[in-house]
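Below, each chain spelled out in residue letters.
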Amino acid sequence: MSMEDAGGATAATELGAEATAPVPGWGWTETALSMMVVVWGVNFAVVKHALDTFHPLAFNALRFGLASVLVFLVLRSRGELGLPDRADVPRIVVLGLLGNVIYQLCFILGLDRSRAGHAAVILALTPIMTAFLSMLTGHERPGPRTWGGASLSIAGIALVSGAAIRLEGREALIGDAILVTACIAWAGYTVGARPIVRRYGSLRTTAWTLWIGAVGLIVLGIPGLIGQDWGVLDAKAWGGLLFSATFAITLAYLIWYRGVERIGNTRTAIFSNLTPVVALAASAVMLKEAPSTLALVGAALTLGGVMIVRTDPGR
């Protein structure tokens, strides 16, 4: 996917300035992003429990269908319904497919094959992927700390994957590989959407890409919906669907792109660093997933590597 367009050079210059400017004071944007981290951390355990009875594709289709309706209501209440310029439609379609169809398929299928806590640690690679894509698109020029931190995080992921293989066999390795693909997709979604967010705002960008993704996920979810055993679904499963659609998608997506709009893509992505910490704690409480020592060491290396990347002044 090309990250350049007519306004790409200007956006890249402005974004590079944001990424290397002094860190702004704490405000409502940072508070909202902190809330998003808690929601996403808990969502790993919630979704993992729901997948005990839900077919993964059916679950995705239902939660994105519901989230699409909720975002439409938010947009309508604010009087911001509208269509993008024809020239921007191809990029928006690609972003919708990348950030919602590809990412969400990889997320749900990877989580179905992995422990919730392990999945959260692997997805902590997203800020590093975002930094690399920002480099490739000319937004930033990472220095030696980025490369060192990336190496440390990759080593951490290797330990987490090794712990998962010991507990769950090679199936967990497949899940980890799918989750790494999810990291790449979400990073591309975040960096690629930056010019669209600048042009139309975070709310419309979220809505358009979400609606495109929802159509794809509903179509792909038809076999799962047909094959779903609806009789086995309990109140917790339906509650998990409602929580994930309302908070982990609708609210969190709106907060995420608001962050991209206000403080830039890299600083927004950094907030997801704490998601694994919340996810590991939520999984231990809700799913009784006791992390092994090897997994904890891997998680520490992964998060430490990401924080090293955060301290790289770069250019």
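Residues numbered from 1 in each chain as written. Predicted model: local features only at pLDDT ≥ 70, side-chain atom pairs only at ≥ 80, totals over all residues. Heavy atoms only, no water.

Colleague: Help me out: how do you make sense of the overall build of the protein in this one?
Modeller: Each helix and strand counted, the protein has 15 helices and zero strands in total. Looking at the 315 residues of the protein, the share that counts as buried comes to 53%. Sequence separation of at least 24 residues holds for 91% of the intrachain contacts in the protein that already meet a minimum separation of 6. For the protein, the accessible surface area stands at approximately 13400 Å², while carbon and sulfur atoms represent 69% of it. (Helix = DSSP H or I, 4+ residues; strand = E, 2+ residues; numbered from the N terminus. Buried < 20%, exposed > 50% of the residue type's maximum accessible area, 1.4 Å probe, protein only. Contact = heavy atoms within 4.5 Å. Areas by Shrake-Rupley, 256 points an atom, 1.4 Å probe, with all protein chains shown as cover.)

Colleague: Would you take a moment to explain the pattern of salt bridges for this structure?
Modeller: Close approach of charged atoms allows side chains of opposite charge to pair. Here the structure, examined in full by the defined rule, presents one salt bridge. Note that Asp88 is salt-bridged to Arg199, the shortest N-O span being 2.9 Å. Linking Asp88 in the loop between helix H3 (56-77) and helix H4 (89-112) with Arg199 in helix H9 (residues 194-200), this pair joins segments that are 111 residues apart in sequence. Relative accessible area serves as the criterion here: at 9%, Asp88 is assigned to the buried category. Look at Arg199 and you get partly exposed, because its relative accessible area is 37%. (Salt bridge = Lys/Arg side-chain N within 4 Å of Asp/Glu carboxyl O.)

Colleague: In this structure, what is going on with helix H5 (residues 116-123)? I would like to understand it.
Modeller: Working note: α-helix, 3.6 residues per turn, so residues spaced by three or four point in the same direction. Counted residue by residue, H5 has eight buried out of eight residues, so it is predominantly covered. Within H5, burial applies to Ala116, Gly117, His118, Ala119, Ala120, Val121, Ile122 and Leu123.

Colleague: When you look at the packing of aromatic side chains in this model, what are you seeing that I'm missing?
Modeller: The way to describe two aromatic rings as a pair is by their centre distance and the angle between their planes. All chains considered together, the criterion is met by 14 aromatic pairs. The interplanar angle of 70° and the centroid separation of 5.6 Å between the aromatic rings of Phe44 and Phe107 together place this pair among those described as edge-to-face. Of this pair, Phe44 sits in helix H2 (residues 28-50) while Phe107 sits in helix H4, and the two are 63 residues apart along the sequence. Side by side, Phe44 and Phe107 carry an identical accessibility label, which is buried. (Phe/Tyr/Trp six-rings, centres within 6.5 Å; stacked < 30°, edge-to-face > 60°.)

Colleague: Help me understand the packing of H3 against helix H12 (residues 235-263), please; the structure alone is not making it clear to me.
Modeller: Between two packed helices, what matters for the description is the angle formed by their axes and the separation of those axes. At a minimum axis distance of 9 Å, the contact between H3 and H12 shows a crossing angle of 50°. Considering the angle they form, H3 stands oblique to H12. Crossing handedness for the pair H3 and H12: right-handed. In this structure, H3 contributes Phe59, Leu62, Arg63, Phe64, Leu66, Ala67, Leu70, Val71 and Val74 to the contact, and H12 contributes Trp238, Gly240, Leu241, Leu242, Ser244, Ala245, Thr246, Ile249, Thr250, Tyr253 and Leu254. Split into classes, the residues belonging to the contact of H3 with H12 amount to 15 nonpolar, four polar and one charged. (Axes fitted to C-alpha atoms, helices over the stretch in contact; angles between N-to-C directions. Parallel < 35°, antiparallel > 145°, perpendicular 65-115°, else oblique. Left-handed = near helix turned anticlockwise from the far one by under 90°. Nonpolar A, V, L, I, M, F, W, Y, C, P; charged D, E, K, R; others polar.)

Colleague: What exactly am I supposed to notice about the environment of Leu241 here?
Modeller: Relative to the helices and strands, Leu241 is located in helix H12. A C-alpha to C-alpha distance of 6.0 Å links Leu241 and Arg63, two positions 178 residues apart in sequence. The residues touching Leu241, leaving out its near neighbours within four places in the chain, are Phe54, Phe59, Leu62 and Arg63.

Read these as layout, nothing more, since geometry by itself doesn't imply function.
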